[in-house]
Amino acid sequence: MLNGKKILVGITGGISAYKTASLIRLLVKAGAEVKAVMSGAAKEFVSPLTIATLSKNPVYTDFFNPENGEWHSHVKLGIWADLYIIAPATANTIAKIAHGIADNLLLTTVLSARCKVMVAPAMDLDMYQNAVTQQNIATLRNRGFLFSEAQEGELASGLSGKGRMAEPEDILQNVEQYFAQNQDFKGRKILITAGPTREKIDPVRFVSNYSTGKMGYAIAECLAERGAEVILVSGPVDLKPRHSNINLVSVESAKEMYQACVEHFPKCHAAIMSAAVADYAPKIIAPKKIKKNGESEMTLTLVPNPDIAAALGKIKTENQVFAGFALETENEFANAQKKLESKNFDFIVLNSLKDRGAGFGYDTNKISIVFRNGNTENFDLKPKTEVAKDIAQCLLQLLK
Ligand code: CTP
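The numbering scheme is per chain: residues are counted from 1 as the chain's sequence reads. Local features are withheld for residues below a pLDDT of 70 in this predicted model, meaning they are given only at 70 or higher, and side-chain atom pairs are given and counted only at 80 or more; totals for whole chains, interfaces and linings count all residues. As a convention, hydrogens and water are excluded, and side-chain values are obtained from all of the structure's heavy atoms.

### As for the layout of surface pockets
Here is step 1: Taken as a whole, the largest pocket holds about 1,400 Å³ of empty space.
Here is step 2: For the largest pocket, the lining is made up of 46 residues, of which Lys116, Arg143, Gly144, Phe145 and Thr385 are closest to its centre.
Here is step 3: Starting at the N terminus, helices and strands are each numbered in turn, a helix being any DSSP run of H or I of at least four residues and a strand any DSSP run of E of at least two. Elements supplying a minimum of two residues to the lining of the largest pocket: helix 5 (91–98), helix 6 (105–112), strand 5 (116–121), helix 8 (131–142), strand 6 (146–147), helix 9 (168–182), helix 10 (214–225) and helix 14 (384–399).
Here is step 4: For the lining of the largest pocket, the leading source of residues is helix 10, giving six residues.
Here is step 5: For this classification, the nonpolar set comprises Ala, Val, Leu, Ile, Met, Phe, Trp, Tyr, Cys and Pro, the charged set comprises Asp, Glu, Lys and Arg, and every other residue, Gly included, is treated as polar. Of the residues contributing to the lining of the largest pocket, the split by class is 20 nonpolar, ten polar and 16 charged.
Here is step 6: Counting the residues that make up the lining of the largest pocket, at least three belong to each of domain 1 (6–181) and domain 2 (189–399).
Here is step 7: Only protein atoms enter the 1 Å grid, on which a cavity is a set of points fitting a 1.4 Å probe that cannot get out and a pocket is an open set with protein on both sides within 12 Å along at least 5 of 7 lines, lining residues being those with an atom within 4 Å of a point. Grid points are joined across faces, edges and corners, and a volume is the space filled by probe spheres set on the points. Considering only enclosed or pocket space, the second largest pocket measures out at about 820 Å³ in volume.
Here is step 8: What lines the second largest pocket is a set of 36 residues, among which Ala275, Ala276, Val277, Phe325 and Leu327 lie closest to the centre.
Here is step 9: Broken down by secondary-structure element, the contributors of at least two residues to the lining of the second largest pocket are helix 10, helix 12 (308–315) and strand 17 (321–328).
Here is step 10: With four residues, strand 17 is the largest single contributor of residues to the lining of the second largest pocket.
Here is step 11: Counted by class, the lining of the second largest pocket contains 16 nonpolar, 14 polar and six charged residues. Domain delimitation in this document rests on an assignment produced automatically or drawn from a domain database.

Take a look at the structure:
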């Protein structure tokens, strides 16, 4: 079931670390190649020798071996793994991950991992219920971390409640499910546009919008994880694609985005246009910084940019699935319907700026998906990583 999968297991200092030995055995038996990284405290609970023997690989505990100076690179480990499981994940480690703290090899590897990270929390019930722990868990979920849920039962403290680490068999099942459902886009090439465009006024100024690219990048990651080869044509954003199936094409202006899309779209099975493209650009880009001229008004003449979606809609073939976004502030459904038809989309993702937590900059979004036949599906407010899954599901159905 897990043949050829490379799994990195991170062990932190909790009593249930003893169960991780069984988990490693199960993963190896299922065909996975396993490496383990242990925090300093984890070594108090289970011996590195046990873990090394079961995983059939040396265990990583420190950045370098003090005896021979051999360097253990968190970057290499993070790139090597197809999945990183942290079991047990203590409240302390979860808090550190939520805040980007990287004070040991296990945590540094979380920051540099290109794969999904699955967390199996394990702690006493009061620590688990504590508001700060719950908030940290929610932060990780929003960022797309996977969870092997803590279970109810007797705890090491003698108390009873939620906080036990999931049983190794349950974690194995989650891992198998992850890899099984994960590859339903294999063999598909998908174009995604994301972020804003910048339209130059002069060497130091531009016209743009508030798009951060979060939604488009979340879709790209989601499809890449599920096996798609993604071409992400992105305007200037602060994000970086993590998955190695994503080929980033960085552009700045709408014209550059248009060129890249027209070049790549014919080779793709589908395209999702999530970029917030500037509809107009300055007619003239001043070669030097425009100086104040002392007048009370200044006029900037703008000319229309190419409508990228409309252009692709024209060359789209019957076998390609084509989707877009509509960000509206009024007459949402009527406007979305119009765009759906005029740009030849198969479906359009509508988000309204009237909805709290939806639109530019938020980590959440609230969408409706409108189809060509007039059917509409409404979704709740949820993290963009989850919204991406809903959009992927629609796409998958149409690709089939
Ligand atoms: N789009 C595009 N190229 C443009 C403008 C928009 O590819 N020049 C795409 C967007 O990525 C989105 C869809 O078209 O998928 C709708 O974008 P939106 O900005 O909502 O609509 P516009 O067509 O620009 O219309 P308006 O700004 O008048 O609402």
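### Remarks on the sheet that holds strand 9 (residues 189–194)
In any sheet, the strands associate via hydrogen bonds between backbone groups, in a parallel or an antiparallel arrangement.
Here is step 1: Strand pairing is defined by DSSP finding a minimum of two bridges between the two strands. The strand order across the open sheet built from eight strands is 13-12-9-14-17-18-20-21, with neighbouring strands paired in mixed fashion. Taken across any chain shown, the strands that pair with only one partner, and hence form the sheet edges, are strand 13 (246–250) and strand 21 (376–378). For this sheet, the mean inter-axis angle between neighbouring strands, taken without regard to orientation, is 15°.
Here is step 2: Packed onto the sheet, helix 13 (residues 332–342) meets strand 17, strand 18 (347–352), strand 20 (367–371) and strand 21 and runs at close to 150° relative to strand 18. In this description, a line fitted to the C-alpha atoms serves as the axis of each element, helices being fitted only across the stretch in contact, and the angle between N-to-C directions of two axes falls anywhere from 0 to 180 degrees. Whether two residues are in contact is decided by their heavy atoms: any pair within 4.5 Å suffices.

### Here's the deal with the sheet that holds strand 4 (residues 83–89)
Here is step 1: With respect to topology, six strands assemble into an open sheet ordered 3-2-1-4-5-6, the strand pairing being parallel. The sheet is open, and its two edges are formed by strand 3 (59–60) and strand 6, each paired on a single side.
Here is step 2: Relative to strand 4, strand 1 (residues 6–11) runs parallel, the two being bridged by four bridges. Considered in strand 4, the bridge of Val9 is made with Ile85.
Here is step 3: Against the sheet, helix 3 (residues 48–55) engages strand 1, strand 2 (33–38) and strand 3, with an angle of about 165° to strand 2.

### Regarding the pattern of salt bridges
Here is step 1: Should a side-chain nitrogen of Lys or Arg be within 4 Å of a carboxyl oxygen of Asp or Glu, the pair is scored as a salt bridge. On inspection of all chains with the given rule, the structure shows 14 salt bridges.
Here is step 2: Arg205 is the salt-bridge partner of Asp202, the closest N and O atoms lying 2.5 Å from each other.
Here is step 3: For Arg205, a relative accessible area of 34% translates into the label partly exposed.
Here is step 4: Between Asp390 and Lys382 there is a salt bridge, with the nearest N and O atoms lying 2.7 Å from each other.
Here is step 5: Ionic contacts of the salt-bridge type, sharing partners, join the residues Lys19, Arg164 and Glu167 into one network. Between buried and exposed lies partly exposed: a residue is buried under 20% and exposed over 50% of the maximum accessible area for its type, with that area taken using a 1.4 Å probe on protein chains only.

### Observations regarding the site of the ligand
Here is step 1: Near the ligand there are 15 residues, and of these Met273, Ala275, Ala309, Lys339 and Lys343 occur at the shortest range.
Here is step 2: In protein, a polar contact means a hydrogen-donor-capable atom and an acceptor-capable atom, both N or O and within 3.5 Å, with residues adjacent in sequence counting only if both atoms are side-chain atoms; elsewhere, any N or O pair within 3.5 Å suffices. In this structure, an oxygen atom belonging to the ligand sits 2.9 Å away from a main-chain N or O atom of Phe325.
Here is step 3: Isolated, the ligand exposes 570 Å² of accessible area, and the fraction of that covered by the protein chains is 76%.
Here is step 4: Comparing atom positions with the cavity grids shows the ligand to sit within the second largest pocket.
Here is step 5: When contributions to the shell around the ligand are tallied by element, the ones reaching two or more residues are helix 12 and strand 17.
Here is step 6: By residue number, the principal contributor to the shell around the ligand is strand 17, which donates four residues.
Here is step 7: Its residues assigned to classes, the shell around the ligand comprises ten nonpolar, one polar and four charged. Consider each residue's heavy atoms; a residue with any of them within 4 Å of a molecule or strand counts as near. All accessible areas in this document rest on Shrake-Rupley with a 1.4 Å probe, and a residue is counted as covered only by the protein chains that are shown. To decide whether a molecule occupies a pocket or cavity, check its atoms: if more than half lie within 2 Å of the grid points, it is inside.

### Quick look at the domain arrangement of the protein
As a measure of interface size, the accessible area lost when the parts come together is often cited.
Here is step 1: The domains assigned to the protein are domain 1 (6–181) and domain 2 (189–399).
Here is step 2: Placing the centre of domain 1 and that of domain 2 at their C-alpha centroids yields a distance of 36 Å.
Here is step 3: In this complex, domain 1 contributes twelve residues to the contact, which on the side of domain 2 involves six residues.
Here is step 4: When two parts are put together, the accessible area they lose, computed with a 1.4 Å probe and summed over both, is reported as buried area. Between domain 1 and domain 2 lies a buried interface of about 680 Å² when both sides are counted; carbon and sulfur atoms form 42% of it.
Here is step 5: There are one salt bridge connecting domain 1 and domain 2.
Here is step 6: Lys116 is paired through a salt bridge with Glu225; the nearest N and O atoms lie 3.7 Å apart.
Here is step 7: Linking domain 1 with domain 2 are two residue pairs in polar contact (both at pLDDT 80 or more).
Here is step 8: Taken together, the elements giving at least two residues each to the side of domain 1 that touches domain 2 come down to helix 6, helix 8 and helix 9.
Here is step 9: Here the side of domain 1 that touches domain 2 takes three residues from helix 6, the largest share from any one element.

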